[in-house]
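Architecture and fold: a report
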Amino acid sequence: MSPEAIIKVWGETADVLKKYNVPLTKETLETVVKSEILPSLLQELNLVVGSSTTTCIEGG
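Below or above, wherever it landed, is the structure these notes cover.

Our next topic: the overall build of the protein chain. Across its full length, the protein chain carries four helices and zero strands. Helices and strands in the protein chain line up, N terminus first, as α-α-α-α. When burial is assessed residue by residue, the protein chain has 22% of its 60 residues classed as buried. Within the protein chain, counting contacts between residues at least 6 apart in sequence, those at least 24 apart form 42% of the total. Here the protein chain has roughly 4400 Å² of accessible surface; of this, 54% comes from carbon and sulfur atoms.

Looking now at the nonpolar core. Membership of the largest hydrophobic core is limited to nine residues, which are I6, V16, L17, V22, L29, V33, L38, L41 and L45. Only α2 (14-19) and α4 (38-49) provide two or more residues apiece to this core. Looking at this core element by element, the count peaks at three residues for α4. The contact partners of L29, leaving out residues within four places of it in the chain, are M1, P3, I6, L17, V22, L38, L41, L42 and L45.

Here we take up unusual backbone geometry. One non-glycine residue, N21, lies in the positive phi region at around 55 degrees. Turning to its location among the elements, N21 is positioned in the loop between α2 and α3 (29-32).

Another point: the pattern of salt bridges. Close approach of charged atoms lets side chains of opposite charge pair. Tallying each qualifying case throughout the model produces one salt bridge. Where K19 meets E44, a salt bridge forms, and the shortest distance between an N and an O atom there is 3.1 Å. Of this pair, K19 sits in helix α2 while E44 is found in helix α4, placing the two residues 25 residues apart along the sequence.

Procedures and definitions
Residues numbered from 1 in each chain as written. Predicted model: local features only at pLDDT ≥ 70, side-chain atom pairs only at ≥ 80, totals over all residues. Heavy atoms only, no water. Helix = DSSP H or I, 4+ residues; strand = E, 2+ residues; numbered from the N terminus. Buried < 20%, exposed > 50% of the residue type's maximum accessible area, 1.4 Å probe, protein only. Contact = heavy atoms within 4.5 Å. Areas by Shrake-Rupley, 256 points an atom, 1.4 Å probe, with all protein chains shown as cover. Core = buried A, V, L, I, M, F, W, Y, C linked by side-chain atoms within 4.5 Å. Salt bridge = Lys/Arg side-chain N within 4 Å of Asp/Glu carboxyl O.

Quick look at the structure:
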């Protein structure tokens, strides 16, 4: 999912993306975020929106 789409659906994630200096683009997170940072970013995004690995599906 792209940072632009994430913010469109979950506006409360904007601060997290800003914290990680993620550009608001239509490219997927996997292409704009370094692989070593991605797990932490995803964990924090899920925390903000109240999601977990139980409610998420592989690939978005």
